[in-house]
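# Observations on the three-dimensional arrangement
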Amino acid sequence: MAIIAPSLLAADFLHLQDAVRMVNESEAERLHLDVMDGRFVPNISFGLPVIEQVTKESIKTCEVHLMIWEPEKYAEAFKNAGADILIVHLEACVHLHRNIEQIKSLGMRAGVAINPHTPVSALSEILQDIDLVCMMSVNPGFGGQVFIPNTIHKITALRKMITERGLKVNIEIDGGVTLDNAKSILDAGADVLVAGNTVFRASDPKKVISELKRIT
Ligand code: DX5
Ligand code: ZN
């Protein structure tokens, strides 16, 4: 069964506590928290003070997706704010290996996100060092965008690379995941689904999480 990670970006920010409690009561395993700096991506979301409160309320694994330049400057602060998994963008890291080692030495699991134009082959020399690849299926910066179909063949290629090397790395798909396209995403080899609008804009978010989880 897929691991579901609802993205809080699509929640009602006036009622974040309700959103976190809904995820707590749901079958989702993780809570996905999108941090944007207005430079690496053309948008600004929320930051450390919000995440500190959210992680206190959450009983799920909290993964923080950093869409920021120089993530190494903030890794320790996100650990202190309660992050369990820290995801940095390959395109934002000149010294990616060093950044991954830093994240792991702080006691977090490490993830690498790649933009839609970044080939899977760019992960070749870092794959053995990480716990998760966050494959962007939209251009990062905004929720509610349409899934880019070219992602499917990238998932297949990455799953092949992971299997051939005998690694245990999650393939997480982030952006435009719906009840309609989740099956093709999972069939291609992904095992974690991020879902923002699909979950939080639904009339019954917990039911949608259960449905996503049961797609086979
Ligand atoms: C986009 C973020 C995503 C976003 C997904 O930059 O990384 O996590 O919240 O939202 P949906 O599922 O609505 O496309
Ligand atoms: Zn994200």
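These remarks concern the structure in this document. Positions within a chain are numbered from 1, following the residues in the order the chain's sequence is written. Chains and ligands are labelled by the order in which they are written, letters from A for the one and numbers from 1 for the other. Given that this is a predicted model, residues contribute local features only at a pLDDT of at least 70 and side-chain atom pairs are listed and counted only at 80 or more, while totals for whole chains, interfaces and linings are drawn from all residues. Heavy atoms throughout the structure, all of them, feed into the side-chain values; hydrogens and water do not.

### Brief notes about the overall build of the protein
The criterion, for reference: Runs of E in the DSSP output that reach at least two residues are strands. Runs of H or I that reach at least four are helices, and both are numbered from the N terminus. Based on C-alpha atoms, the radius of gyration is set beside the globule rule, defined as 2.2 Å times the residue count to the power 0.38. For each residue, the accessible area found with a 1.4 Å probe, counting protein chains only, is set against the maximum for its type, and the residue is called buried under 20%, exposed over 50%, and partly exposed in between. By definition in these notes, contact holds between two residues if any of their heavy atoms fall within 4.5 Å. Computed with the Shrake-Rupley method and a 1.4 Å probe, the accessible areas treat only the protein chains shown as cover for residues. When charges are counted, Lys and Arg are positive and Asp and Glu negative, with His and the chain ends excluded. A single reference atom marks each charge: NZ on Lys, CZ on Arg, CG on Asp, CD on Glu.
Check the secondary structure of the protein and you find eight helices and eight strands. Relative to a compact globule of 216 residues, whose C-alpha radius of gyration would be 17 Å, the protein shows 16 Å and is just as compact. Its C-alpha atoms give the protein principal-axis dimensions of roughly 40 × 40 × 30 Å. Every one of the 216 residues in the protein was classed for burial, and the buried ones make up 54%. Nonlocal contacts in the protein, meaning residues at least 24 apart in sequence, comprise 65% of its contacts between residues at least 6 apart. For the protein, the exposed area adds up to about 9600 Å²; of that, 53% sits on carbon and sulfur atoms. Here the protein carries 21 positive and 27 negative side-chain charges, and the mean point of each set is 3 Å from the other.

### Structural notes on the environment of I51
The topology assignment puts I51 in helix α2 (residues 48-57). Exposure remark for I51: the relative accessible area of 0% places this residue in the buried category. For the pair formed by I51 and C134, sequence separation is 83 residues and the distance between their alpha carbons is 19 Å. With near-sequence residues (within four places) excluded, I51 lies in contact with L33, V35, F46, V64, F78 and A81.

### Considerations on the environment of M135
With respect to the secondary-structure elements, M135 resides in strand β6 (residues 132-136). The exposure class assigned to M135 is buried, which follows from its relative accessible area of 0%. It is 6.1 Å that separates the C-alpha atoms of M135 and D174, two residues lying 39 residues apart in sequence. Not counting residues up to four positions away in its chain, the partners in contact with M135 are I114, V120, T151, K154, I155, L158, E172, I173 and D174.

### Description of the site of ligand 1
To keep things clear, this is the line we draw: One heavy atom within 4 Å of a molecule or strand makes the whole residue count as near it. Within 3.5 Å is the distance limit for a polar contact, defined as a pair of N or O atoms, with the added protein rule that one can donate a hydrogen and the other accept it, and that residues adjacent in sequence qualify only through two side-chain atoms. Lining residues are defined by having an atom within 4 Å of a point belonging to a cavity or pocket. Those points lie on a 1 Å grid over the protein atoms alone, cavities being sets where a 1.4 Å probe fits but cannot get out and pockets being open sets with protein on both sides within 12 Å along at least five of seven lines. In this description, a molecule resides in a pocket or cavity if more than half of its atoms sit within 2 Å of the grid points defining it.
Around ligand 1, a shell composed of 20 residues is seen, among which D34, G141, D174, G196 and N197 lie nearest. Within the side chain of S7, an N or O atom sits 2.8 Å from an oxygen atom of ligand 1. Isolated, ligand 1 exposes 380 Å² of accessible area, and the fraction of that covered by the protein chains is 99%. Applying the majority rule of atoms within 2 Å of the grid points places ligand 1 in the largest pocket. Only β2 (30-36), β3 (61-67) and β8 (192-195) provide two or more residues apiece to the shell around ligand 1. With three residues, the top contributor of residues to the shell around ligand 1 is β2.

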